[in-house]
Amino acid sequence: MQALHTAATGMAAQELSVQVISNNIANLQTTGYKKQTAEFQDLIYQHIARVGAQASQQGTILPIGIDIGGGVKVVGTPRSMTQGTLSQTGNDLDLAINGEGFFKIQMPDGTFQYTRDGTFQMDNTGRIVNAQGNPVQPTITIPQNSTGLTVNAQGQVSVQPQGASSTTSQIIGQLTVTRFVNKGGLLPVGNNNFVDTPSSGTPQDGIATLEGYGSISQGSLENANVDVVSEMSNLIAAQRAYEMNAKVITAADQMMQSTTALFR
Amino acid sequence: MENALLIGLSRQSALERQIDVIANNIANVNTAGYKSDSTLFETYLNTPAHEDNFVGSDRRVNFVQDRGTYRDMTQGPTQETRNPLDVAIDGSAFLVVQTPQGERYTRDGNLHINNIGQLVTAAGNPILGTSGPIVFQPTDHDINITPDGAVTVVTGTSNTDSLRGALRLVSFPDAQKMLKEGLNLYAAGEGGTPAPDTKSTVRQGFIEQSNVNAVSEMSRMMEVSRAYTQIATLMQQQAELQKTAIQSLADVPT
């Protein structure tokens, strides 16, 4: 009986959907997190009687056929790359991108990773680094004992050097932001970071606010774009769908049982 | 006497196929753009087995046969996702998908952008616009899809919208003839020619959900399961009857 296997595909798909939803809810408070959804597609059909086949020698054709579907599969768990809301922190090195683009982080092995999480700190040498201590690109070193760190919307970092008057400010660097043709194709690697893939396209570095890049806002962080209410309703839908598929297995099992009962 | 068994068998095989269809509907209860199937039955008249003299030859027996699966093409409920690349179609139109096998049609509006900027389905097949695939430039942002399917973007620092194409919406005079191919795709089917659809509209940021009615599928499933058990009991009784008949008729007095 095909129904057993069909319902099993349904249960597997819904289980994955619950996993994705629980990950979204777990990351409700994760800075720069982008929610995922499980997308489903139906499996191939067995065309037992093909619609439009000849029904007689007079050329009449079948108006409907018999199509038996094989169930469902998860085709992907795409990420919704919509903008999250910004929350004010007042911290000098908390940056958020309002619009397109990612911060570029250099990993210890020299490769680059990309993130929307702008919770940056200063390390012991004065470099601007992320929570794992990896420098934001291009590497900017804040001079010792300088005050009044400012990052403007374009990503220009300026400070007031030690001993200078309060009106002088010195530009010490320019942050770049990186865009992708298909940001949905980025591969999540944990720690709020992504790496580029053949699907995302090559990274394009640029300056914030120019040519469609988003603007940088200092002193704020981007919240996760998870919408709790819709996640909860999706969770209910997935759980109920799972239960219904389980019921189908029970029904199909009962049918088979009644058949085996014939041979007692 | 064998007829009862055979009729029961015809009903059981029809019911088995029906539960397969129900199982597929329930498995796809959360599949975007899925259209539910239902089975149609018909009676198949046949003269009773002639070797058998227990029934009069004037009476005919009614077998049951599944004639086909009927697709419910009504629109599914739409869910708001706020994803700019999600579209739901209001009306009977389909989106056109370019696959290696040729043009296919879908109601699944989960769209994506691939590495060369093309608008594609979740399986990576390009969505066709009125003039070929819709391609975005690397500097495009703020994608907007109008109700009539025009895809506009803001490119670079410009303040005006630039057109990137228009979704091709087609409909079929007889959608029942379309062939489900899986992966949320439909083939045009025998003699089906797509006609441009101007009545349907596109809603950006929404997804059309599956139109499977979970409650009615569950009740139908129970109905099928019970009917199947009933037939099984009937067949069992029939077998019992035969057994008793053979035993008592062939009883050799000692």
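Residues numbered from 1 in each chain as written. Chains lettered and ligands numbered in written order. Predicted model: local features only at pLDDT ≥ 70, side-chain atom pairs only at ≥ 80, totals over all residues. Heavy atoms only, no water.

S.K.: So what exactly am I meant to see when it comes to the sheet that holds strand S11 (residues 140-145) of chain B here?
M.R.: By way of backbone hydrogen bonds, the strands of a sheet pair with one another, either parallel or antiparallel. Residue and element names in this part refer to chain B. Strands sit in the order S11-S12-S13 across an open sheet of 3 strands; the sheet is antiparallel. Two strands close off the open sheet at either side, each with one partner strand: S11 and strand S13 (161-166). Strand-to-strand, the axes of this sheet are offset by a mean angle of 30 degrees, without reference to chain direction. Sheet topology note: the strand S12 (residues 150-155)/S13 ladder contains 5 bridges and is antiparallel. Bridge pairing in S13 places Val153 opposite Ser162. (Pairing = 2+ DSSP bridges. Helix = DSSP H or I, 4+ residues; strand = E, 2+ residues; numbered from the N terminus. Axes fitted to C-alpha atoms, helices over the stretch in contact; angles between N-to-C directions.)

S.K.: Would you mind showing me how to read the side chain of Thr115 of chain A here?
M.R.: Within the element layout of this structure, Thr115 of chain A appears in strand S8 (residues 112-115). Among the residues examined, Thr115 of chain A registers a relative accessible area of 2% and is labelled buried. (Buried < 20%, exposed > 50% of the residue type's maximum accessible area, 1.4 Å probe, protein only.)

S.K.: Looking at this model, I keep getting lost on unusual backbone geometry. Mind explaining?
M.R.: The phi angle of most residues is negative, glycine excepted, and most peptide bonds adopt the trans form. Residue and element names in this part refer to chain A. Cis geometry is found at the peptide bond from Gln137 to Pro138, where omega equals -15 degrees. By the secondary structure assignment, Pro138 is in the loop between strand S10 (128-129) and strand S11 (147-151). For Asn191, which is not a glycine, the phi torsion comes out positive at approximately 55 degrees. Locating Asn191 in the fold gives a position in the loop between strand S15 (187-190) and strand S16 (193-195). Judged by relative accessible area, which is 51%, Asn191 ranks as exposed.

S.K.: Teacher, can you tell me more about empty space enclosed by the protein here?
M.R.: Over the atoms rolls a probe the size of a water molecule, and its path tells where empty space is left. Counted under the stated rule, the structure contains 1 cavity of 30 Å³ or more. If you go around the largest cavity, the residues you meet are Gln41 of chain A together with Thr106, Asp108, Asn110, Thr121, Ala122, Ala123, Leu183, Asn184 and Leu185 of chain B. (1 Å grid on protein atoms, 1.4 Å probe; cavity = no way out; pocket = protein on both sides within 12 Å on 5 of 7 lines; lining within 4 Å. Points joined across faces, edges and corners; volume = space filled by probe spheres on them.)

S.K.: What's the story with the interface of chain B and chain A in this structure? I'm lost.
M.R.: Many structure descriptions define interface size as the accessible area lost when the parts assemble. Tallying the contact residues gives 64 residues for chain B and 67 residues for chain A. Carbon and sulfur atoms supply 59% of the area that chain B and chain A bury against each other, a total of about 5,200 Å² over both sides. Between chain B and chain A we count 2 salt bridges in total. Between Asp67 of chain A and Arg71 of chain B there is a salt bridge whose closest N-O contact spans 3.5 Å. Applying the counting criterion to the chain B and chain A interface returns 25 residue pairs in polar contact (both at pLDDT 80 or more). Looking at the side of chain B that touches chain A, the elements with two or more residues in it are helix H1 (2-27), strand S1 (37-46), strand S2 (61-71), strand S7 (112-113), S11, strand S15 (179-182) and helix H2 (214-249) of chain B. If one sorts the elements of the side of chain B that touches chain A by residue count, H2 of chain B sits on top with 11 residues. Along the lines of polarity and charge, the residues of the side of chain B that touches chain A split into 25 nonpolar, 24 polar and 15 charged. (Contact = heavy atoms within 4.5 Å. Buried area = accessible area lost by both parts, 1.4 Å probe. Salt bridge = Lys/Arg side-chain N within 4 Å of Asp/Glu carboxyl O. Polar contact = N/O pair within 3.5 Å; in protein donor to acceptor, adjacent residues only side chain to side chain. Nonpolar A, V, L, I, M, F, W, Y, C, P; charged D, E, K, R; others polar.)

S.K.: Just checking my understanding: could you explain a nonpolar patch on the surface for this structure?
M.R.: A surface patch of nonpolar side chains, about 270 Å² in accessible area, is lined by Val228, Val229 and Met232 of chain A. Here Val228 of chain A lies in helix H2 (residues 228-260). (Patch = residues over 30% accessible without salt bridge, like charges linked within 9 Å, V, L, I, M, F, W, Y side chains within 5 Å. Areas by Shrake-Rupley, 256 points an atom, 1.4 Å probe, with all protein chains shown as cover.)

S.K.: What is the right way to look at H2 of chain B in this model?
M.R.: Three- or four-residue spacings in an α-helix give side chains the same orientation, since the helix completes a turn every 3.6 residues. Counted at 1.5 Å a residue, the expected span for H2 of chain B with its 36 residues is 52 Å, and the 52 Å between its end C-alpha atoms agrees. Inspection of H2 of chain B places Glu217, Met218, Met221, Val224, Ser225, Ala227, Tyr228, Ile231, Ala232, Met235, Gln238 and Gln242 of chain B among the buried residues, and these make up the whole buried set. On the buried face of H2 of chain B, the contacting elements are H2 of chain A together with H1 of chain B. (Expected span 1.5 Å × (residues − 1).)

S.K.: What am I meant to see in the sheet that holds strand S13 (residues 170-174) of chain A here?
M.R.: Residues and elements named next belong to chain A. Ordered in space as S11-S12-S13, the 3 strands form an open sheet in which the pairing is antiparallel. Whereas interior strands pair on both sides, the edge strands pair on one side only; in this sheet they are S11 and S13. In this sheet, neighbouring strand axes are inclined to one another by 20 degrees on average, regardless of whether the strands run parallel or antiparallel. By the bridge criterion, 4 bridges tie strand S12 (residues 156-160) to S13 in an arrangement that is antiparallel.

S.K.: Just to check I follow, could you spell out the nonpolar core for this structure?
M.R.: For soluble globular proteins, the rule of thumb is that nonpolar side chains tend to be buried together. Membership of the largest hydrophobic core comes to 22 residues, with the highest contact counts inside it found for Val248 of chain A together with Ile19, Ile26, Met221 and Val224 of chain B. With 6 residues, H2 of chain A is the largest single contributor of residues to this core. Among the nonpolar cores identified, the runner-up in size contains 21 residues, and Ile113, Ile145, Leu167 and Val202 of chain B belong to it. (Core = buried A, V, L, I, M, F, W, Y, C linked by side-chain atoms within 4.5 Å.)

S.K.: I would appreciate a short explanation of the packing of aromatic side chains in the present structure.
M.R.: The relation between two aromatic rings is expressed through the spacing of the ring centres and the mutual angle of the planes. Following the criterion strictly, the structure yields 7 aromatic pairs over all chains and no others. Relative to Phe180 of chain A, the ring of Phe102 of chain A has its centre 5.8 Å away and its plane inclined at 70 degrees; by these criteria the two rings are edge-to-face. Placement of the pair is Phe102 of chain A in strand S7 (residues 102-106) and Phe180 of chain A in the loop between strand S14 (177-179) and S15, with a sequence separation of 78 residues. With respect to burial, Phe102 of chain A and Phe180 of chain A carry one shared label: buried. For the pair Tyr105 of chain B and Phe172 of chain B, a centre-to-centre distance of 4.9 Å together with 80 degrees between the ring planes defines the contact as edge-to-face. On the criterion of sequence distance, the pair formed by Tyr105 of chain B in strand S6 (residues 102-106) and Phe172 of chain B in the loop between strand S14 (169-171) and S15 is long-range, its members being 67 residues apart. You can call Tyr105 of chain B buried: its relative accessible area is 3%. The class for Phe172 of chain B is buried, based on a relative accessible area of 10%. One aromatic cluster is present, formed by Phe102, Tyr114, Phe180 and Phe194 of chain A through successive ring pairs. The ring centre of Tyr213 of chain A lies 5.5 Å from the NZ or CZ of Arg179 of chain A, which sits over that ring. Its end group placed over the ring of Phe41 of chain B, Arg11 of chain B keeps NZ or CZ at 5.7 Å from the ring centre. (Phe/Tyr/Trp six-rings, centres within 6.5 Å; stacked < 30°, edge-to-face > 60°. Lys NZ or Arg CZ within 6 Å of the ring centre and 35° of its normal.)

S.K.: For this particular structure, what's the right way to read the packing of helix H1 (residues 2-26) of chain A against H1 of chain B?
M.R.: Each packed pair of helices is defined by two parameters, the angle between the axes and the distance between the axes. Two elements in contact, H1 of chain A and H1 of chain B, have axes separated by 8 Å at closest approach and are oriented at 5 degrees. Between H1 of chain A and H1 of chain B, the angle falls in the class roughly parallel. Each of Gln2, Ala3, Thr6, Ala7, Thr9, Gly10 and Gln14 of chain A in H1 of chain A lies in contact with H1 of chain B, whose residues at this interface are Ile19, Asp20, Ala23, Asn24 and Ala27 of chain B. When the residues that make up the contact of H1 of chain A with H1 of chain B are grouped by side-chain class, the tally is 5 nonpolar, 6 polar and 1 charged. (Parallel < 35°, antiparallel > 145°, perpendicular 65-115°, else oblique.)

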